[in-house]
Amino acid sequence: PDVLETCLSLAEETINNAYLKKILDQFSKRVRPGSVVSNLVTIKENGDTLKLSDFRGKKVILDRWVADCAPCLKFKSDLINNILPAIKDRNDIIIWSVGSVRDFELWKKLLHRNSHPDFISSWLNSSNSSNSWEAEYKISVSPFIMIIDEDGKLVSSTVQKTETIMALLGIPKM
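Anyway, here's the lowdown on the structure attached to this text. (Residues numbered from 1 in each chain as written. Predicted model: local features only at pLDDT ≥ 70, side-chain atom pairs only at ≥ 80, totals over all residues. Heavy atoms only, no water.)

1. Remarks on the packing of aromatic side chains
Counting across every chain of the model gives four aromatic pairs. Between W133 and F144, the aromatic rings sit 6.3 Å apart at their centres with planes inclined by 80°, giving edge-to-face as the arrangement. In this pair, W133 sits in helix α5 (residues 132-136) while F144 sits in strand β6 (residues 144-148), placing the two residues 11 residues apart along the sequence. Residue classification places W133 among the buried positions, given a relative accessible area of 5%. Note on F144: relative accessible area 8%, which makes it buried. Each member of the aromatic cluster is reached from another via a ring pair, and the members are F104, W107 and W123. (Phe/Tyr/Trp six-rings, centres within 6.5 Å; stacked < 30°, edge-to-face > 60°. Helix = DSSP H or I, 4+ residues; strand = E, 2+ residues; numbered from the N terminus. Buried < 20%, exposed > 50% of the residue type's maximum accessible area, 1.4 Å probe, protein only.)

This is how it looks when you write it as structure tokens:
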């Protein structure tokens, strides 16, 4: 979060173009640590809706992945091996695995490789024009990880190392 804050501050100081300043201002309000994360709405395997606001009161590791991408699978393995054992007895932290793929049936087929029974899993329709959440956060990398506090505020959206995630969430190493 400190690196992101430094980068945003530096960009705000150095950009002079009014149009670019406006875009940066809009974007930094969303990605700056401490800002409230937009209420992502997804679909669970049983068809029910699942929203980020459903997790208020819990810290969330939001793991947004795309179909079988190698970095997504590597990050998932790191989550399973490093973080999951450290939080298995805690009820204040959840891992939310959000698959962003073109259709629901494909997501269900990919689920066994791209999630874990101890994760909360849901589908984000990547082919739907109403999927404004990914556009709002300018998501262009996979996996895209967000750490969100119990009040729904962003802790970080730039970290993919499990050691850093554990430090940000106060999870002791095993």
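2. Regarding a nonpolar patch on the surface
On the surface, Y19, L20 and I23 cluster together into a nonpolar patch covering about 300 Å² of accessible area. Inspection of the secondary structure puts Y19 in helix α2 (residues 18-31). Residue classification places Y19 among the exposed residues on the basis of a relative accessible area of 58%. (Patch = residues over 30% accessible without salt bridge, like charges linked within 9 Å, V, L, I, M, F, W, Y side chains within 5 Å. Areas by Shrake-Rupley, 256 points an atom, 1.4 Å probe, with all protein chains shown as cover. Salt bridge = Lys/Arg side-chain N within 4 Å of Asp/Glu carboxyl O.)

3. What about helix α6 (residues 162-169)?
All of the buried residues in α6 are T162, I165, M166 and L169. In an axial view of α6, the angular spread of the buried residues amounts to 100°, which keeps them on one side of the axis. Immediately beyond the C-terminal end of α6, within one or two residues, lies G170, with a positive phi of roughly 70°. (Arc of directions from axis to C-beta.)

4. So, the pairing of strand β5 (residues 120-125)
For β5, the tally of buried residues reaches five of six residues, placing the bulk of the element in the interior. One ladder, built from six bridges, connects strand β4 (residues 93-101) with β5; its direction is parallel. Residue pairing for β5: G99 is matched across the bridge by W123. For the crossover that starts at β4, traverses helix α4 (residues 104-114) and ends in the parallel β5, the hand is right-handed. (Pairing = 2+ DSSP bridges. Right-handed = clockwise from strand over helix to strand, strands pointing away.)

5. Examining unusual backbone geometry
In this model, S142 is joined to P143 through a cis peptide bond whose omega is 0°. Here the phi dihedral of D68 falls at roughly 50°; this positive angle occurs in a residue that is not glycine. The topology assignment puts D68 in the loop between β3 (59-65) and α3 (70-87). By relative accessible area, D68 is classed as partly exposed at 29%.

6. Notes on the nonpolar core
The tendency in soluble globular proteins is for nonpolar side chains to be buried as a group. The biggest cluster of nonpolar side chains holds 19 residues, and the ones touching the most others in it are L62, W96, W133 and M146. Elements with a minimum of two residues in this core: β3, β4 and β6. Core analysis: the next-biggest nonpolar cluster, separate from the first, contains 18 residues, I61, I83, I87 and V155 among them. (Core = buried A, V, L, I, M, F, W, Y, C linked by side-chain atoms within 4.5 Å.)

Function cannot be read off these values alone, since they describe shape.
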